[in-house]
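These are the residues of each chain, in order.
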Amino acid sequence: MSYRILLVDDEPDILEFVGYNLNKEGYQVHTASNGREAVEKALEIKPHLILLDVMMPEMDGMETCERIRSHPELSSTLIAFLTARSEDYSQLAGFEAGADDYITKPIKVKILVSRIKAMLKRMETSAAPAVSREGKSIRIDRERYIVIKDGQEITMPRKEFNLLTLLYSKPQKVFSRDEIFTTVWGNDVIVGDRTIDVHIRKLREKIGEDHIVTVKGVGYKYEE
């Protein structure tokens, strides 16, 4: 399978350099030089992964990510931010906007390719476990990446969806924070300690406060 990658950066040198190396790896690389163009192109080509620069004129990476996530047909697309180490960038803000990962500049080709392969592999195998049951008020449709609550369809970014699916797979089981990190994000992704809390808060906003219960000092569980 040839994966489609959308590379978004306002620096032509980075588009050329990264695009060349990803093409060598067999990926179909499409490029955009600003956020508005990125949203349009993403809707057109439906990429598997978007590499998105944070600092861009007109529309920065955060706003671009939020706009991409507002389109249900792009809810399962992976998004990784490209960020310079010197930028005043909050990883938490990136996950708030709907990002799956972030990669720091200056870009090292071997590390970039390794991270991309890891992200796509997790997408292919699906980190979330299969669900064969149907809850009282919530149903998960893994093929369409949607959650159905009280007859209403809810779309959500891949990480939120996988986190909910994990908790939903075993009601009343308390999943530790380490177990959630390993299952949903993988060992190769370094995320901040509050990342899970951000995603839990977003899930509660979408499905209600009562279904996801915090077990202090341990983790979270799902209740019907």
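Criteria and cut-off values
- Residues numbered from 1 in each chain as written.
- Predicted model: local features only at pLDDT ≥ 70, side-chain atom pairs only at ≥ 80, totals over all residues.
- Heavy atoms only, no water.
- Pairing = 2+ DSSP bridges.
- Helix = DSSP H or I, 4+ residues; strand = E, 2+ residues; numbered from the N terminus.
- Axes fitted to C-alpha atoms, helices over the stretch in contact; angles between N-to-C directions.
- Contact = heavy atoms within 4.5 Å.
- Buried < 20%, exposed > 50% of the residue type's maximum accessible area, 1.4 Å probe, protein only.
- Right-handed = clockwise from strand over helix to strand, strands pointing away.
- Core = buried A, V, L, I, M, F, W, Y, C linked by side-chain atoms within 4.5 Å.
- Salt bridge = Lys/Arg side-chain N within 4 Å of Asp/Glu carboxyl O.

*Asks:* Honestly, the sheet that holds strand E4 (residues 78-84) in this entry has me stumped. Any pointers?
*Replies:* Hydrogen bonding along the main chain pairs the strands of a sheet, whether they run parallel or antiparallel. Here five strands make up an open sheet; going across it, the order is E2-E1-E3-E4-E5 and the pairing parallel. If you trace the sheet from one side to the other, it starts and ends with strand E2 (28-32) and strand E5 (101-105), each paired once. The sheet shows a mean angle of 20° between the axes of neighbouring strands, taken without regard to direction. The strands touched by helix H3 (residues 61-69) are strand E3 (49-53) and E4; relative to E4, the strand with the most contacts, the crossing angle is about 175°.

*Asks:* Just to check I follow, could you spell out the pairing of E4 for this structure?
*Replies:* Two faces, one strand: in a regular strand the side chains alternate between the faces of the sheet. The element E4 is extensively covered by neighbouring structure, given that six of its seven residues are classed as buried. Bridge analysis of E3 against E4 gives five bridges, and the strand direction is parallel. Counted as the bridge partner of Asp53 is Leu82 from E4. Taken together, E3, H3 and E4 constitute a β-α-β crossover, and its handedness is right-handed. Where E4 and E5 come together, five bridges link them in parallel fashion. Bridge pairing links Ala84 to Lys105 in E5.

*Asks:* I'm lost on unusual backbone geometry in this one. Help?
*Replies:* A negative phi angle characterises most non-glycine residues, just as the trans form characterises most peptide bonds. The amide bond that connects Lys105 to the next residue, Pro106, takes the cis arrangement and shows omega of 0°. Although it is not a glycine, Lys46 adopts a positive phi angle of roughly 50°. Position of Lys46 relative to the elements: it lies in the loop between helix H2 (35-45) and E3. A relative accessible area of 33% places Lys46 in the partly exposed class. Not every positive phi belongs to a glycine, and Glu58 is a case in point at roughly 70°.

*Asks:* I keep staring at the nonpolar core and nothing clicks. Help me out?
*Replies:* Note on soluble globular proteins: their nonpolar side chains tend to be buried together. Val147, Leu164, Leu167, Ile180 and Ile212 are the most contacted members of the largest nonpolar core, which totals 25 residues. When residues of this core are assigned to their parent elements, the largest contribution, six residues, is made by helix H6 (residues 158-169). The contacts of Ile180, once residues within four sequence positions are left out, are Leu163, Leu166, Leu167, Phe175, Trp185, Ile196 and Tyr220. Within the second largest apolar cluster, 22 residues are counted, among which are Ile5, Val18, Leu49 and Ile103.

*Asks:* So what exactly am I meant to see when it comes to the pattern of salt bridges here?
*Replies:* When their charged atoms lie close together, side chains carrying opposite charge are able to pair. The full count for this structure, using the stated rule, is 15 salt bridges. Linking Glu160 and Lys206 is a salt bridge whose minimum nitrogen-to-oxygen distance equals 2.7 Å. In this pair, Glu160 is assigned in helix H6 and Lys206 in helix H8 (residues 195-207), connecting sequence segments 46 residues apart. Under the relative-accessibility criterion, Glu160 is labelled buried at 4%. For Arg201, the salt bridge identified is with Glu205, shortest N-O distance 3.1 Å. Placement of both Arg201 and Glu205 in helix H8 is noted, with a separation of four residues, approximately one turn of the helix. The partly exposed category is assigned to Arg201, whose relative accessible area is 35%. Connected via shared salt-bridge partners are Asp9, Asp53 and Lys105.

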